[in-house]
Amino acid sequence: ITRRILKEKTLPVREGIQQLYALLPSALAPDIHAFNRKNLTLRPGFEPFLDHCAAQGVPFQVVSGGLDAFIAPILAPYADRLELFANQALLDGETIGVGMPYPP
């Protein structure tokens, strides 16, 4: 992806995201997971907020433009209390692929 394409917005978002992730080898996935586990935290109050939503009968949904394989481990302790909508990390190829089941 060139700066010109990004600046002129001549590349559809879907293709841009796919091309960016295609620059990363799939073999980096374990390193990305480790980095996320070490460096990412949920905001204070997240769990009480989930409790409040459940008490009110309000389903909790996380909508992200990120990749499920990198988000789901952070949300794993709450997986039974929320629903995740994210792009799919396709890690079976040489580079990271992106499945986009939801339109950008």
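Residues numbered from 1 in each chain as written. Predicted model: local features only at pLDDT ≥ 70, side-chain atom pairs only at ≥ 80, totals over all residues. Heavy atoms only, no water.

**Let's talk about the pairing of strand 2 (residues 83–90)**
In this structure, strand 1 (residues 61–67) lies alongside strand 2, joined through four bridges in parallel fashion. Following the sheet pairing, V62 is matched in strand 2 by L84. Of the crossover connections in this fold, the one passing from strand 1 over helix 5 (residues 68–75) to the parallel strand 2 is right-handed. In this sheet, strand 3 (residues 97–99) lies alongside strand 2 in antiparallel orientation, the contact comprising three bridges. Opposite L90, over in strand 3, you have G97 as the bridge partner. Taking the residues between adjacent antiparallel strands as the criterion, strand 2 and strand 3 are bridged by six residues. (Pairing = 2+ DSSP bridges. Helix = DSSP H or I, 4+ residues; strand = E, 2+ residues; numbered from the N terminus. Right-handed = clockwise from strand over helix to strand, strands pointing away.)

**A look at the sheet that holds strand 3**
Spatially, three strands are ordered 1-2-3 in an open sheet, and the strand pairing comes out mixed. The open sheet terminates on both sides in strands that have one partner only, identified here as strand 1 and strand 3. Pairs of neighbouring strands in the sheet enclose a mean axial angle of 25 degrees, with direction left out of account. Relative to the sheet, helix 5 contacts strand 1 and strand 2, its axis offset from that of strand 2 by approximately 140 degrees. (Axes fitted to C-alpha atoms, helices over the stretch in contact; angles between N-to-C directions. Contact = heavy atoms within 4.5 Å.)

**Details of the nonpolar core**
In this structure, F46, L50, C53, F60, V62, I71, L75, Y78, L82 and A86 together form the largest nonpolar core, which totals ten residues. If you list the elements that add at least two residues to this core, you get helix 4 (46–55) and helix 5. For this core, the element with the most residues is helix 4, which contributes three residues. Setting aside chain neighbours within four positions, we find V62 in contact with L75, L82, E83, L84 and F85. In this structure, A29, A69, I96 and M100 belong to the second largest nonpolar core, which totals eight residues. (Core = buried A, V, L, I, M, F, W, Y, C linked by side-chain atoms within 4.5 Å. Buried < 20%, exposed > 50% of the residue type's maximum accessible area, 1.4 Å probe, protein only.)

**Things to note about the packing of helix 3 (residues 29–39) against helix 5**
Relative orientation of the contacting elements helix 3 and helix 5 amounts to 35 degrees, with a least axis distance of 10 Å. Here helix 3 and helix 5 pass one another in a crossing that is right-handed. Residues A29, I32, H33, N36 and R37 of helix 3 pack against A69, F70 and I74 of helix 5. In terms of residue class, the contact of helix 3 with helix 5 is made up of five nonpolar, two polar and one charged. (Left-handed = near helix turned anticlockwise from the far one by under 90°. Nonpolar A, V, L, I, M, F, W, Y, C, P; charged D, E, K, R; others polar.)

**Here we look at the environment of Q18**
One can find Q18 in helix 2 (residues 13–21). Classification of Q18 as partly exposed rests on a relative accessible area of 28%. Residue contacts for Q18: discarding those within four places in its chain leaves V98 and M100.

**Some points on helix 5**
Every buried residue of helix 5 is listed here: A69, F70, I71, I74 and L75. Tucked into the core, helix 5 has its buried residues touching helix 3, helix 4, strand 1 and strand 2.

None of the figures reported here should be taken as evidence of function without further support.
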